[in-house]
Amino acid sequence: MLIGVPKEIKNHEYRVGMVPGSVREVIAHGHQVIIETNAGIGIGFTDEDYQAVGATIAPSAKEVFAKADMIVKVKEPLADERKRLREGQILFTYLHLAPDMPQTEDLVKSGAVCIAYETVTGAAGGLPLLAPMSEVAGRMSIQAGAECLEKSNGGRGMLLGGVPGVQPAKVVVIGGGVVGTNAIKMAVGMGARVIVLDRNVNALRRIDAEFGSQVETVYSSHDSLEKHVISADLVIGGVLIPGAAAPKLVTEDMIKRMQPGAVLVDVAIDQGGCFETSKATTHADPTYILHDVVHYCVANMPGAVPRTSTFALNNATLPFIINLANKGYKKALADDPHLMNGLNVYRGKVTERSVAENLGFDYVEPTTALGISTDTM
């Protein structure tokens, strides 16, 4: 199979779908890789680094899309990239379709086979291709939030961990999953007062067992959420419903009642955001102030630390890339129900239930769309 890796074109996005080590591994399995020139330059890899492991360098994204059987990316394809997709071509990347009608419509029209990292499941549970970026984003959320709390950035003028004799900032983490747990690690390490809210009691038990008295665990209800958000210095939104748009848990009314200079970091913005006042921002202009509250809503947070993020992502995606290349998409999907869960759009059909329900498309079971009997899976 010929695998194509275009250069990412989203604002301040420096990650790349495959590092040279991953390319070498794929080529060792008998496949070919074509890389757009300078695709890895943002994380320190030159065209020569890729050529040294056997990749072919293409002068443009147009050539990569035209030649490749499978496109491996990091972020969702933008409009110019979507125009280049063709029927039957495999697209393997993050998609986050539920809040994105234009992208979904274009992918449906393309006839491509679109597999989303964020809905591939794991044999032990969880979302193994989303987890690495959730870990990065969770940790980054505290760094970003701490900076936003500085007065020069519109914040309350607070040091996250305080100093002896001065109380630390109150950090409220909504969601005790991968994002939340990693945010908690960073916030505790910086000396903040940390409260986590979740409706999953098992998640609260796990966090309590890990952090003990360093973190206050709270069952999330409308009353408890309102109480802690209004009094918070920094709120981290880390909720996730796999494949679906994020629920708007924090209302505009709550935000209006927050302390002037408080900070919201919406890690769920890729899925539409979990604060009513959220709108996607970029690393070039990451924040805005509304109701005297600083909003940080960068839709590709891990892109700010692209080298760490790219290696973490490649560690997770490489086995799936090899399986898709070795077996072809039909057999790879049929053999692995967890990879099958990643199939969001197949040759003009929406095969992810949450996306179909959120955007009003007809839903088609992935096995039905592929013509695969469930007895063979």
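Here the structure is shown first, and the text comes after it.
To keep things clear, this report deals only with the structure shown in the data block. (Residues numbered from 1 in each chain as written. Predicted model: local features only at pLDDT ≥ 70, side-chain atom pairs only at ≥ 80, totals over all residues. Heavy atoms only, no water.)

Looking at a nonpolar patch on the surface
Right, on to step 1. Among the surface-exposed residues, Leu 159, Val 163 and Val 166 lie close enough to one another that they form a single nonpolar patch of about 280 Å² accessible area.
Right, on to step 2. Tracing the backbone through its elements, the reader meets Leu 159 in the loop between helix 6 (131-148) and strand 7 (170-174). (Patch = residues over 30% accessible without salt bridge, like charges linked within 9 Å, V, L, I, M, F, W, Y side chains within 5 Å. Areas by Shrake-Rupley, 256 points an atom, 1.4 Å probe, with all protein chains shown as cover. Salt bridge = Lys/Arg side-chain N within 4 Å of Asp/Glu carboxyl O. Helix = DSSP H or I, 4+ residues; strand = E, 2+ residues; numbered from the N terminus.)

Focus on the environment of Gly 88
Right, on to step 1. Mapped onto the fold, Gly 88 is located in the loop between helix 4 (79-82) and strand 5 (90-93).
Right, on to step 2. Between the C-alpha atoms of Gly 88 and Ser 110, which are 22 residues apart in sequence, the distance is 8.7 Å.
Right, on to step 3. Setting aside chain neighbours within four positions, we find Gly 88 in contact with Gly 111, Ala 112, Val 113, Tyr 329 and Arg 347. (Contact = heavy atoms within 4.5 Å.)

Let's talk about the packing of aromatic side chains
Right, on to step 1. Scanning the model with the defined rule gives 5 aromatic pairs in all.
Right, on to step 2. With a centroid separation of 6.4 Å and 70° between ring planes, the pair formed by Phe 45 and Tyr 50 is classed as edge-to-face. You'll find Phe 45 and Tyr 50 in the same group, each marked buried.
Right, on to step 3. Here the aromatic cluster, defined as three or more aromatic residues joined through ring pairs, consists of Phe 45, Tyr 50 and Phe 311.
Right, on to step 4. Between the NZ or CZ atom of Lys 279 and the centre of the ring of Tyr 288, over which it lies, the distance is 4.8 Å. (Phe/Tyr/Trp six-rings, centres within 6.5 Å; stacked < 30°, edge-to-face > 60°. Buried < 20%, exposed > 50% of the residue type's maximum accessible area, 1.4 Å probe, protein only. Lys NZ or Arg CZ within 6 Å of the ring centre and 35° of its normal.)

Re the environment of Ser 110
Right, on to step 1. When you line up the elements, Ser 110 lands in helix 5 (residues 101-110).
Right, on to step 2. As for Ser 110 and Lys 7, which are separated by 103 residues in sequence, their C-alpha atoms are 20 Å apart.
Right, on to step 3. Excluding residues within four positions of it along the chain, Ser 110 makes contact with Leu 85, Arg 86 and Glu 87.
Right, on to step 4. At 2.7 Å, the side chain of Ser 110 forms a polar contact with the backbone oxygen of Leu 107. (Polar contact = N/O pair within 3.5 Å; in protein donor to acceptor, adjacent residues only side chain to side chain.)

Quick notes on the sheet that holds strand 11 (residues 263-266)
Right, on to step 1. With mixed pairing, the 7 strands of this open sheet are ordered in space as 9-8-7-10-11-13-12. The open sheet is flanked by strand 9 (215-219) and strand 12 (287-290), the only strands paired with a single partner. When the angles between neighbouring strand axes are averaged without regard to direction, this sheet yields 20°.
Right, on to step 2. Across 5 bridges, the pairing between strand 8 (residues 193-198) and strand 9 is parallel. Its bridge partner lying in strand 9, Val 194 is registered against Val 215. (Pairing = 2+ DSSP bridges. Axes fitted to C-alpha atoms, helices over the stretch in contact; angles between N-to-C directions.)

Re the pattern of salt bridges
Right, on to step 1. Enumeration over the complete set of coordinates arrives at 17 salt bridges.
Right, on to step 2. A salt bridge links Lys 67 to Glu 63; the shortest N-O distance between them is 2.9 Å. Remark: Glu 63 and Lys 67 occur in helix 3 (residues 61-67); sequence separation between them is 4 residues, near one turn of the helix.
Right, on to step 3. By relative accessible area, which is 22% here, Glu 63 ends up partly exposed.
Right, on to step 4. Here Glu 216 and Arg 193 are joined by a salt bridge, their closest N and O atoms 3.8 Å apart.

Topic: the sheet that holds strand 1 (residues 2-5)
Right, on to step 1. Taken together, the 8 strands give an open sheet; going across it, the order is 3-2-1-4-5-6-14-15, and neighbouring strands pair in mixed fashion. Each having just a single partner strand, strand 3 (56-58) and strand 15 (349-350) make up the two edges of the open sheet.
Right, on to step 2. Of the strand pairs in this sheet, strand 5 and strand 6 (residues 113-116) are connected by 4 bridges, and their pairing is parallel. Each bridged residue has a counterpart across the sheet, and for Thr 93 the counterpart in strand 6 is Ala 116.

Quick look at unusual backbone geometry
Negative phi is the rule for most residues except glycine; trans is the rule for most peptide bonds.
Right, on to step 1. Not every positive phi belongs to a glycine, and His 12 is a case in point at roughly 50°.
Right, on to step 2. Tracing the chain through its elements places His 12 in the loop between strand 1 and helix 1 (20-28).
Right, on to step 3. By relative accessible area, which is 35% here, His 12 ends up partly exposed.
Right, on to step 4. Phi is positive for His 291, close to 55°, though the residue is something other than glycine.
Right, on to step 5. Examined against the element boundaries, His 291 turns out to sit in the loop between strand 12 and strand 13 (293-296).

Read these as layout, nothing more, since geometry by itself doesn't imply function.
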